[in-house]
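Working through the structure, step by step
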Amino acid sequence: MEKTVFQGATIPENIRYDRKAETLYILDQTLLPGEERELRLQTLEEMYDAIRTLKVRGAPAIGVCAGYCMYVLAKSIRGEDRQVFLKKLSDYGAYLNSSRPTAVNLNWAIRQMLRVALEHADSPRGQLLDALYEKAVEIHNDDIAKCKSISEFGLSLLKDGDGLLTHCNAGPLATSRYGTGLGPILLGTEQGMRFRVFSDETRPLLQGARLTSYELQRSGVDVTLICDSMASIVMKNGWVNACLVGCDRVAANGDTANKIGTSGVAILAKHYGIPFYVLGPTSTVDMDCPDGAHIPIEERDGEEIRSLWYEKPMAPSDVKCYNPAFDVTDHALITAIVTEQGICRPPYTKSLAALFRQKA
């Protein structure tokens with residue numbers, strides 16, 4: 001179940017498809033760090049639940065998982081009528097996409113798979129399914145390559161001995177291989193560099209406490225866990241040289257949606273004169289979304305604030321809760337956006353657009 005991330009460190013594999021057994025497995029991230037358990041995803045409902053309840057999470061990882069899910073769902077559709085097949089697969093994709101509305105990678109991967117299905121609609125069933133499987137593997141391998149490139153570009157912005165602060169989780173569990181936000185840290189550690197990392201716990205789901213701290217500690221990185229409200233004091237103390245975060249969607253103007261609390265970190269970093277870097281693949285950049293005001297923000301159950309992780313509820317059972325899963329960091333607060341294609345700097349309307357001209 002484990003894969004080597006770099007010499008001397010192993011992180012459990014977050015998504016794997018066993019072709020011999022024709023079975024999709026994910027690591028249940030809701031059980032970490034206490035238990036490492038794989039889940040088998042077979043039905044549309046299981047897939048929706050796994051994404052919705054964060055058993056699999058992280059924008060790139062959700063996209064990878066969705067690719068394999070669409071292949072599994074395609075195999076479940078019986079009958080030779082291809083129009084019926086395409087309609088069912090499209091409906092399955094739409095339902096799966098509704099599980100998490102903010103992360104653009106989910107929609108992107110589903111559209112990639114539907115495009116392949118349409119292109120092979122006249123092929124024999126076996127060839128069509130093989131094409132879908134190959135596309136899912138391509139999405140997975142592409143994310144591995146992108147994470148490596150993002151990590152290399154990100155590492156060029158850091159120095160040996162830097163103090164770093166990160167929010168939420170953007171390491172191997174949320175992506176592939178090195179990760180995005182954590183990628184430069186892990187790659188640099190592999191090369192013998194040393195960093196001091198402050199990991200925001202990231203309320204209310206504690207991805208920083210449960211996942212980032214777990215990944216970094218297992219990888220031999222000097223990591224200190226802090227409450228989200230402690231970010232200001234560690235910055236004021238001069239302990240932070242840069243902030244690194246991942247992203248779930250980047251608008252065309254550079255506004256970025258990431259886990260709730262990210263915009264607060266960016267505001268603090270701006271106040272203390274600390275570079276704030278956003279790292280993510282170009283599949284996370286939504287050039288059809290003009291700015292952050294057009295990014296849909298997922299709202300989640302208030303019980304995540306009232307009672308989750310507590311032995312007993314720590315708030316009145318009937319108190320109203322506002323629980324957005326993400327916030328939007330204004331582009332003016334972002335020092336650079338790091339992608340697999342290179343480092344974008346303001347004005348992002350020009351630098352992000354240039355990335356896609358290069359890819360065209």
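Keep in mind it's a predicted model, so treat the numbers as computed, not measured.

1. Description of the nonpolar core
Most often, soluble globular proteins have nonpolar side chains that are buried together. Judged by nonpolar contacts, the single largest core of 41 residues is most densely connected at Ile-15, Phe-85 and Leu-132. At the level of elements, strand S3 (15-18), strand S4 (23-27), helix H1 (44-52), helix H2 (59-76), helix H3 (82-97), helix H4 (104-119) and helix H5 (125-155) are the ones that each hand at least two residues to this core. Sorting elements by how many residues they give to this core places H2 first, with twelve residues. Counting residues in hydrophobic clusters, the runner-up holds 25 residues, among them Val-240, Val-265, Leu-333 and Cys-344.

2. As for the state of the cysteines
Summed over all chains, the structure comprises zero disulfides. Of all cysteine sulfurs, the one in Cys-69 lies closest to Cys-65, which takes part in no disulfide; the gap is 3.8 Å. Lacking any disulfide linkage, Cys-243 is separated from the closest cysteine sulfur, that of Cys-168, by 14 Å. What makes Cys-243 buried here is its relative accessible area of 0%.

3. Brief notes about the layout of surface pockets
Taken as a whole, the largest pocket spans an internal volume of roughly 230 Å³. Val-104, Trp-108, Arg-111, Val-285 and Asp-286 are, among the 14 residues lining the largest pocket, the residues nearest its centre. For the lining of the largest pocket, the secondary-structure elements that each account for two or more residues are H4, strand S13 (285-286) and helix H11 (348-359). Per-element accounting of the lining of the largest pocket gives the leading share, five residues, to H4. Residues that form the lining of the largest pocket fall into these classes: five nonpolar, four polar and five charged. Considering only enclosed or pocket space, the second largest pocket measures out at about 160 Å³ in volume. In this structure, the second largest pocket is lined by Thr-30, Thr-53, Leu-54, Leu-205, Arg-210, Arg-300, Glu-304, Leu-308 and Trp-309. Class assignment of the residues belonging to the lining of the second largest pocket gives a composition of four nonpolar, two polar and three charged.

Reading guide: rules and limits
- Residue numbers restart at each chain and count upward from 1, following the sequence in its written direction.
- The model is predicted, so local features are restricted to residues of pLDDT at least 70 and side-chain atom pairs to those at 80 or more, both for listing and for counting; the totals for chains, interfaces and linings are taken over all residues.
- For the side-chain quantities, the full set of heavy atoms in the structure was used; hydrogens and water were omitted.
- Definition used in this section: a nonpolar core is a set of buried Ala, Val, Leu, Ile, Met, Phe, Trp, Tyr and Cys residues joined via side-chain atoms within 4.5 Å.
- Throughout this description, buried means an accessible area under 20% of the type-specific maximum (1.4 Å probe, protein chains only), exposed means over 50%, and partly exposed covers the range between.
- Only runs of H or I of at least four residues qualify as helices and only runs of E of at least two qualify as strands under DSSP, and these elements are numbered from the N terminus.
- Throughout, disulfides are identified as pairs of cysteine sulfur atoms within 2.5 Å of each other.
- Grid points spaced at 1 Å over the protein atoms alone were grouped into cavities, where a 1.4 Å probe fits but cannot get out, and pockets, open sets with protein on both sides within 12 Å along at least five of seven lines, with lining residues defined by an atom within 4 Å of a point.
- Grid points are joined across faces, edges and corners, and a volume is the space filled by probe spheres set on the points.
- Polar here means any residue other than Ala, Val, Leu, Ile, Met, Phe, Trp, Tyr, Cys and Pro, which are nonpolar, and Asp, Glu, Lys and Arg, which are charged; Gly is therefore polar.

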